[in-house]
Amino acid sequence: QVQLVESGGELVQAGGSLRLSCAASGRTFSSYAMAWFRQAAGKEREFVASVSKSGDFTYYADFVKGRFTISRDNAKNTVYLQMNSLKPEDTAIYYCAAGTAYYYVASFRYDYWGQGTQVSVSS
């Protein structure tokens, strides 16, 4: 079992920045690829970004390229999502997930999920 806990979500104005954190339990954190998903009200959960087990490879959804950066610190069992130039359409609950490979974008490919953290961007 891997327990994931997200934090850092809050209300910000458009154009602002936030850094989300996802803290993972266990000594096997580095054996998992990590990803961020988000779900806006009334919409399906969608892939945002992912990072490989080592942190050497990343992948991003088109709508966040150039604005968001995913990273991980395996020594701290933590994955981050740095979000810049936030837009109102980024408003959603953001979820951290752990899986077998970073190149998966479908939610069912990920085995463990956090409880989510709310990001709200005002205009």
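Everything below is about the structure printed above this text.
The structure reproduced in this document is the subject of the present report.

Analysis parameters
- Residues numbered from 1 in each chain as written.
- Predicted model: local features only at pLDDT ≥ 70, side-chain atom pairs only at ≥ 80, totals over all residues.
- Heavy atoms only, no water.
- Helix = DSSP H or I, 4+ residues; strand = E, 2+ residues; numbered from the N terminus.
- Rg over C-alpha atoms; globule rule 2.2 N^0.38 Å.
- Buried < 20%, exposed > 50% of the residue type's maximum accessible area, 1.4 Å probe, protein only.
- Contact = heavy atoms within 4.5 Å.
- Lys, Arg positive; Asp, Glu negative; His and termini not counted.
- Charge placed at Lys NZ, Arg CZ, Asp CG, Glu CD.
- Phe/Tyr/Trp six-rings, centres within 6.5 Å; stacked < 30°, edge-to-face > 60°.
- Lys NZ or Arg CZ within 6 Å of the ring centre and 35° of its normal.
- Pairing = 2+ DSSP bridges.
- Axes fitted to C-alpha atoms, helices over the stretch in contact; angles between N-to-C directions.
- Core = buried A, V, L, I, M, F, W, Y, C linked by side-chain atoms within 4.5 Å.
- Disulfide = S-S within 2.5 Å.

### Describing the overall build of the protein chain
When you go through the protein chain residue by residue, the secondary structure sums to zero helices and 11 strands. Helices (α) and strands (β) of the protein chain occur, in sequence order from the N terminus, as β-β-β-β-β-β-β-β-β-β-β. Rg of the C-alpha trace for the protein chain: 13 Å, near the compact-globule value of 14 Å for 123 residues, within the 12% margin. Based on the C-alpha atoms only, the size of the protein chain along its principal axes is roughly 40 × 25 × 25 Å. Per-residue burial over the protein chain gives 44% buried out of 123 residues. Sequence separation of 24 or more characterises 56% of the internal contacts of the protein chain that already satisfy a separation of 6 or more. The protein chain carries 12 positive and 10 negative side-chain charges, and their two centres are separated by 4 Å.

### A word on the packing of aromatic side chains
Counting across every chain of the model gives eight aromatic pairs. Relative to Y112, the ring of Y32 has its centre 5.8 Å away and its plane inclined at 90°; by these criteria the two rings are edge-to-face. With Y32 in the loop between β3 (18–24) and β4 (33–39) and Y112 in strand β10 (residues 110–113), the pair connects residues that are 80 residues apart, well separated along the chain. One exposure class covers both Y32 and Y112, and it is buried. Cluster of aromatic residues (ring-pair linked, three or more members): F37, F47, Y59, Y110 and W113. Here the basic side chain of R45 rests over the ring of W113, its NZ or CZ set 4.6 Å away from the ring centre. Here the basic side chain of R72 rests over the ring of F29, its NZ or CZ set 4.4 Å away from the ring centre.

### Brief notes about the pairing of β3
The buried fraction of β3 amounts to five of the seven residues, a majority that puts the element mostly inside the structure. Here β3 pairs with strand β8 (residues 78–83) via six bridges, running antiparallel. Paired with L20 across the strands is L81, a residue of β8.

### A short note on the sheet that holds strand β7 (residues 68–73)
On the basis of which strands lie adjacent, the open sheet formed by four strands has the order β1-β3-β8-β7 and antiparallel pairing. Where the open sheet ends on each side, the last strands, each with one partner, are β1 (4–7) and β7. Strand after strand, the sheet turns through a mean of 15° between neighbouring axes, direction not considered.

### Details of the nonpolar core
Counting 36 residues, the largest nonpolar core has L4, M34, W36, V79, L81, M83 and Y94 as its most contacted members. If you list the elements that add at least two residues to this core, you get β3, β4, β5 (46–51), β7, β8, β9 (92–99), β10 and β11 (117–122). Not counting residues up to four positions away in its chain, the partners in contact with M83 are G16, S17, L18, L20, R67, F68, Y94 and V119.

### Describing the state of the cysteines
For the coordinates displayed, the defined rule picks out one disulfide. Shown here is the disulfide that connects C22 with C96, its sulfur atoms set 2.1 Å apart. Between C22 and C96 the disulfide shows an S-S torsion of about -80°. By sign, it is left-handed. Of this pair, C22 sits in strand β3 while C96 sits in strand β9, placing them 74 residues apart in sequence.

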